[in-house]
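Observations on the model geometry
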Amino acid sequence: MGMKVKIGSLILQNPIITASGTFGYNTEYKDFMDLTKIGALITKGITLHPRQGNPQPRIKEVPNGMINSIGLENVGIHKFVEEKLPVLKENNITFIVNIAGESLEEYKQIAKICENNQLNAIELNLSCPNVEKGCLEFGKDEETICRLICSVREVFTGTLIVKLGTNVSFPEKIAWAVQKAGGDAISAINTVKAMNININSDYKGYKFIKGGLSGKCIKPIALNFIYEIRQHTDLPIIGMGGINNLNDILEFIAVGADAIQIGTGTFTQPDISEKLADELNDFMETRGYNSIKELADSLR
Ligand SMILES: Cc1cc2nc3c(=O)[nH]c(=O)nc-3n(C[C@H](O)[C@H](O)[C@H](O)COP(=O)(O)O)c2cc1C
């Protein structure tokens, strides 16, 4: 078994996954590192139609993190299938497509295109805080989540991961709804709504940025969220939020994660996921753990 983890019908060779929006379409890195060593790669958020994203400023570094307001800039599902998918398939990369819609129907249409192109796994983004329509509004209450998952399930037979954010009143009800509606796994957390203001800026438009906060500063929020939903679902949980080293990974496993994603950490260390996969492997071998489950049992 070793480091393998099962998420729906997807078997990952290890629990390290790159987070959506922080690793491009996954193809950009193929000449710089060995992508086959990472458990899975997640594409940036893909929508039905191409999106230009939000106007500048889109990124601001803050203490121990960053705020982004990219606004889901992407080429759209059709161009993704035409141009990016062949490269991913050709390079034998295990990948998951992160999708976002402005309506239930849009999520369903994208999922159908994924099914028609034999894609194995989708991550449904129900939690992006920096777009005007869609995403967040579908991830807030259990009834809407159930309807969305059920309609995607009508057209998609692969692994369905549902990505949640912390903007929900009752995380435990949402976790239960995902399981009841036929989701295979929960991933969390997305970025946290935040704002930065520069009172000394002369340039009006650049005075402040509103968007999603990520990086080390959100780790305590993420750990608490994972811990809470773990009490209410048996589904695999993929945890993320500020993971930068092996110790962070162990903390997420300790509170209930089965796998983890690395996002903002990639911006300062592009090959961090590959390195952490090696480090986790060495750690498990040295300590004599034969599976992630054995490791998890020892930490919980
Ligand atoms: C620049 C940027 C773009 C992102 N784009 C997406 C996206 O398209 N879809 C999505 O589900 N999450 C997106 N996220 C959220 C990350 O996948 C992740 O949930 C979040 O950043 C927390 O993890 P981290 O602290 O390790 O970055 C984005 C994050 C950043 C920083």
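None of the values given here were measured: they were computed from a predicted structure.

1. With respect to the side chain of Asn 244
Its location among the elements puts Asn 244 in the loop between strand 13 (237–239) and helix 6 (246–254). Within the local environment of Asn 244, its side chain forms a polar contact with the backbone oxygen of Gly 242, the two atoms lying 3.3 Å apart. Here Asn 244 is in contact with Lys 216, Gly 265, Ile 272 and Leu 276, once residues within four sequence places are set aside.

2. Focus: the site of the ligand
The full set close to the ligand counts 24 residues, and Ser 20, Lys 163, Gly 215, Gly 242 and Thr 264 are the nearest of them. Between Asn 98 and the ligand, the recorded distance is 3.0 Å, taken from a side-chain N or O atom to an oxygen atom. Backbone polar atom of Gly 263 to an oxygen atom of the ligand: 3.1 Å apart, as the coordinates give it. When the free accessible area of the ligand is taken as 600 Å², the share hidden by the protein chains comes to 95%. Within the shell around the ligand, the residues separate by chemical class into 8 nonpolar, 15 polar and 1 charged.

3. Considerations on the sheet that holds strand 12 (residues 208–214)
Taken together, the 4 strands give an open sheet; going across it, the order is 5-6-12-11, and neighbouring strands pair in antiparallel fashion. Whereas interior strands pair on both sides, the edge strands pair on one side only; in this sheet they are strand 5 (59–62) and strand 11 (192–197). For this sheet, the mean inter-axis angle between neighbouring strands, taken without regard to orientation, is 40°. With 6 bridges connecting them, strand 11 and strand 12 associate as antiparallel partners. The partner of Lys 193 across the bridge, within strand 12, is Gly 212.

4. Section: the packing of aromatic side chains
One pass over the full model with this rule turns up 3 aromatic pairs. Taken together, a centroid distance of 6.4 Å and an interplanar angle of 35° make the contact between Tyr 25 and Phe 80 tilted. Of this pair, Tyr 25 sits in the loop between strand 3 (16–18) and strand 4 (40–42) while Phe 80 sits in helix 1 (residues 77–90), and the two are 55 residues apart along the sequence. The exposure class of Tyr 25 is buried, given its relative accessible area of 8%. Residue Phe 80 is classed as buried on the basis of its relative accessible area of 0%. The aromatic ring of Phe 170 is capped on one face by Lys 173, whose charged end is 4.3 Å from the ring centroid.

Reading the values: the criteria
Residues numbered from 1 in each chain as written. Predicted model: local features only at pLDDT ≥ 70, side-chain atom pairs only at ≥ 80, totals over all residues. Heavy atoms only, no water. Helix = DSSP H or I, 4+ residues; strand = E, 2+ residues; numbered from the N terminus. Polar contact = N/O pair within 3.5 Å; in protein donor to acceptor, adjacent residues only side chain to side chain. Contact = heavy atoms within 4.5 Å. Near = heavy atom within 4 Å. Areas by Shrake-Rupley, 256 points an atom, 1.4 Å probe, with all protein chains shown as cover. Nonpolar A, V, L, I, M, F, W, Y, C, P; charged D, E, K, R; others polar. Pairing = 2+ DSSP bridges. Axes fitted to C-alpha atoms, helices over the stretch in contact; angles between N-to-C directions. Phe/Tyr/Trp six-rings, centres within 6.5 Å; stacked < 30°, edge-to-face > 60°. Buried < 20%, exposed > 50% of the residue type's maximum accessible area, 1.4 Å probe, protein only. Lys NZ or Arg CZ within 6 Å of the ring centre and 35° of its normal.

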